[in-house]
Structures are given as C-alpha cells and as structure tokens.
Amino acid sequence: MPMANRGQGGGTQFQSQPNRTERDRIVRRTNSFAYTGAVLSLVGMLINPFGILSVLGIVFSSIGLARANELSGSNRITGRGTAILGLVVGIVGITFIAYRLIS
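Since we're looking at a predicted model, the values are computed, not measured.

A. Structural view of the packing of helix α2 (residues 32-47) against helix α4 (residues 80-102). Their axes nearest at 8 Å, the elements α2 and α4 cross at an angle of 25°. When the interaxial angle is binned, α2 and α4 end up roughly parallel. In this structure, the crossing between α2 and α4 has a hand that is left-handed. Along the contact surface, α2 presents A34, Y35, G37, A38, S41, L42 and M45, while α4 presents T82, A83, L85, G86, V89, G90, V92 and G93. Grouping the constituent residues of the contact of α2 with α4 by class yields nine nonpolar, six polar and no charged.

Set out below in structure tokens:
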C-alpha cells in the first residue's frame, strides 16, 4: 500500500513498488537454488554411491537456472553459471554412477 509523504509545497508524494532493478537485486541475493544445486552435485559426485545427491543437485540447479533466466540484463550476476555447473556436474555424476553399476 502506498504511503503518503508531505513534501515541499504541500503536495502528496507516494512511494512506489520496487522497480525491476531492485527486484533483480532481491532475487540475486536469494537465488540460493543455483548454489545449493552445485554443492549437492559436487558432493554427490564425490561421495554418494547411489546418485541421490546428484539427482537433487540437478533438480535444484534447474530451479536456479529458471530463476536466473527471470532476471533481465546481460551484465548482471544471476547465478546462471553456477546453475549450469550444477547441471553438468550432476549429469556427469549420474553417468559415472550408471557406468559403475553396469560394469
């Protein structure tokens, strides 16, 4: 709800909703899905014998990538690279586990 402020001249000024840049800044701070996905994929590839963490890493990285694609601009830090890293490492981890199970 807008709040009224009395400025000079007796006019009423309203505070507007955050613009796109401010919302992007808020989302960048809370785009933890990309980082969580990368960490789960790395841990899953290193110590998880069944691939559960790698699958979770792929899921979280996909959500983080979708959030990163919502942000506008090309020079912004969105977590897109971290989400892609999580996807690639998760897929490699699952492929490695599948190879070990088949062999």
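B. How the structure looks around the side chain of N48. Turning to its location among the elements, N48 is positioned in the loop between α2 and α3 (52-70). Leaving out residues up to four positions away in the same chain, N48 has contacts with V43, L53, S54, I97 and R100.

C. Spatial organisation of a nonpolar patch on the surface. A surface patch of nonpolar side chains, about 420 Å² in accessible area, is lined by V39, V43, L46 and I47. Position of V39 among the secondary structure elements: in helix α2.

D. Representation of the environment of F96. Looking at the secondary structure, you find F96 in helix α4. Its relative accessible area of 41% is what places F96 among the partly exposed residues. Spatially, the C-alpha atom of F96 lies 9.2 Å from that of G51, the residues being 45 residues apart in sequence.

E. Summary view of the confidence of the model for the protein chain. Predicted confidence across the protein chain gives a mean pLDDT of 79, with 69% of residues reaching 70 or more. When mean pLDDT is taken per element in the protein chain, α4 scores highest with 92 and strand β1 (residues 4-6) scores lowest with 53.

F. Representation of α4. In a regular helix each residue adds 1.5 Å, so 23 residues correspond to 33 Å; α4 covers 33 Å between its end C-alpha atoms and thus fits that length. Of all the positions in α4, only A83, G86, L87, V89, G90, G93 and I97 are classed as buried. Contacts from the buried residues of α4 go to α2 and α3.

Conventions adopted
- Residues numbered from 1 in each chain as written.
- Predicted model: local features only at pLDDT ≥ 70, side-chain atom pairs only at ≥ 80, totals over all residues.
- Heavy atoms only, no water.
- Axes fitted to C-alpha atoms, helices over the stretch in contact; angles between N-to-C directions.
- Helix = DSSP H or I, 4+ residues; strand = E, 2+ residues; numbered from the N terminus.
- Parallel < 35°, antiparallel > 145°, perpendicular 65-115°, else oblique.
- Left-handed = near helix turned anticlockwise from the far one by under 90°.
- Contact = heavy atoms within 4.5 Å.
- Nonpolar A, V, L, I, M, F, W, Y, C, P; charged D, E, K, R; others polar.
- Patch = residues over 30% accessible without salt bridge, like charges linked within 9 Å, V, L, I, M, F, W, Y side chains within 5 Å.
- Areas by Shrake-Rupley, 256 points an atom, 1.4 Å probe, with all protein chains shown as cover.
- Salt bridge = Lys/Arg side-chain N within 4 Å of Asp/Glu carboxyl O.
- Buried < 20%, exposed > 50% of the residue type's maximum accessible area, 1.4 Å probe, protein only.
- pLDDT = per-residue confidence, 0-100.
- Expected span 1.5 Å × (residues − 1).

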